[in-house]
Amino acid sequence: MITLLLVAIESSVDRLLYNCVFPLLHRWSGNTTWGVCVGDVCLSSLSMNNSASSKPVNKTPDRLVALISSSELSSVQTVLSTEFTLCHVAGAGYKLLGVCEDKAETYVLTKNSNYKWDCCGPHAILRALGGGIVKYQDLYNYTKTGQHDYSSLSQITYQEPDNNEVTGALKWSNQGGVVAYRHSGMLSRIGQVVSKMD
């Protein structure tokens, strides 16, 4: 299967995250971010631009950040907070770009409340960086099998609805939630945390 995803996105993630995680960032920033992945050839504007100025000021290896919705279930927040600093950010696109731009390790959503059009652009960038977006429910079910090789989990898809029994825009929601991650090692770490959920 050939995967081809390309996107240009105007981003203002720094301003949205600085109050929560990075208090030393006090500015809006705009840039164009893109990603493309065709077979084994994956490129992104973010993989080509590794300047120190693009890295978050307060980010350290032991401070992992998960972006979530303020309406996420409290039980999910409790479990995630054992391994991650939780940051409530509005908008699926902003959360996904936060992961793309390495402002956070993951975006976790357990509900069916985001749509395929929210994810397609950032998904291209994440795939080009070695990460991706999987369904939360698939990850949860997989962790319950006791397996730890998450590379076999399918990425979310865009060509067909997840549920043909619903109508209108809901037909194109990501049924089962989403988990976005920047690299495969982080998906394993997220899987370990998700395995603790009831």
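What counts and what doesn't
Residues numbered from 1 in each chain as written. Predicted model: local features only at pLDDT ≥ 70, side-chain atom pairs only at ≥ 80, totals over all residues. Heavy atoms only, no water. Helix = DSSP H or I, 4+ residues; strand = E, 2+ residues; numbered from the N terminus. Buried < 20%, exposed > 50% of the residue type's maximum accessible area, 1.4 Å probe, protein only. Contact = heavy atoms within 4.5 Å. Areas by Shrake-Rupley, 256 points an atom, 1.4 Å probe, with all protein chains shown as cover. Salt bridge = Lys/Arg side-chain N within 4 Å of Asp/Glu carboxyl O. Pairing = 2+ DSSP bridges. Axes fitted to C-alpha atoms, helices over the stretch in contact; angles between N-to-C directions. Expected span 1.5 Å × (residues − 1). Bend = angle between axes of the 7 residues up to and from the residue. Arc of directions from axis to C-beta. pLDDT = per-residue confidence, 0-100.

With respect to the overall build of the protein
Line of reasoning, step 1. Within the protein, the secondary structure is distributed over 7 helices and 9 strands.
Line of reasoning, step 2. Counting only residues that meet the buried cut, the protein has 47% of its 198 residues in that class.
Line of reasoning, step 3. Restricting the contact set of the protein to residue pairs at least 6 apart, pairs at least 24 apart contribute 70%.
Line of reasoning, step 4. As presented, the protein carries roughly 9700 Å² of accessible surface, and 53% of it is formed by carbon and sulfur atoms.

Some thoughts on the pattern of salt bridges
Line of reasoning, step 1. Evaluated as defined, the whole model comprises 4 salt bridges.
Line of reasoning, step 2. Ionic pairing is found between K116 and D162, a salt bridge with its closest N-O pair at 3.1 Å. One end of the pair, K116, is in helix α5 (residues 116-129); the other, D162, is in the loop between α6 (136-143) and β9 (178-181), with 46 residues separating them in the sequence.
Line of reasoning, step 3. Looking at K116, the relative accessible area reads 4%, which means it is buried.
Line of reasoning, step 4. In this structure, the salt-bridge partner of D162 is K135, at a minimum N-O distance of 3.5 Å. Linking D162 in the loop between α6 and β9 with K135 in the loop between β8 (132-134) and α6, this pair joins segments that are 27 residues apart in sequence.
Line of reasoning, step 5. The network of salt bridges with shared partners includes E83, R189 and K196.

Overview of the sheet that holds β9
Line of reasoning, step 1. Strand order in the open sheet formed by 5 strands is β6-β5-β7-β9-β8, and the pairing between neighbours is mixed. Two strands close off the open sheet at either side, each with one partner strand: β6 (85-88) and β8. On average, each strand axis in the sheet is inclined to that of its neighbour by 20°, with strand direction left out of account.
Line of reasoning, step 2. Relative to β6, strand β5 (residues 65-68) runs parallel, the two being bridged by 4 bridges. Within β6, the residue paired with A66 across the bridge is L86.
Line of reasoning, step 3. Packed on one face of the sheet, helix α4 (residues 92-100) meets β5, β7 (106-109), β8 and β9 and runs near 145° to β7.
Line of reasoning, step 4. Against the sheet, α6 touches β7, β8 and β9, its axis set at about 90° to β9.

Re α5
Line of reasoning, step 1. Over its 14 residues, α5 extends 20 Å from the first C-alpha to the last, a length consistent with the 20 Å expected when each residue adds 1.5 Å.
Line of reasoning, step 2. Where α5 bends most, the angle comes to about 35°, and this point is P122.
Line of reasoning, step 3. Taken across its 14 residues, α5 has 10 buried, putting it largely inside the fold.
Line of reasoning, step 4. Turning to α5, its buried residues are K116, C119, G121, P122, H123, A124, I125, L126, A128 and L129.
Line of reasoning, step 5. Positive backbone phi, at 100°, marks G130, one or two positions downstream of α5.

Some words on helix α7 (residues 184-194)
Line of reasoning, step 1. M186, L187, I190, G191, V193 and V194 are the residues of α7 that are buried. When α7 is viewed along its axis, its buried side chains cluster within an angular range of 160° and face the same direction.

Details of the confidence of the model for the protein
As a general rule, the predicted coordinates of low-pLDDT regions are not to be interpreted in detail.
Line of reasoning, step 1. Scored by pLDDT, the protein has a mean of 82; 78% of the residues are at 70 or more.
Line of reasoning, step 2. This model gives residues 1-19 a pLDDT under 50, and the stretch forms 63 contacts once residues within four places in sequence are excluded.
Line of reasoning, step 3. Considering only residues more than four positions removed or in separate chains, one finds that residues 51-58, a stretch of pLDDT under 50, has 14 contacts.

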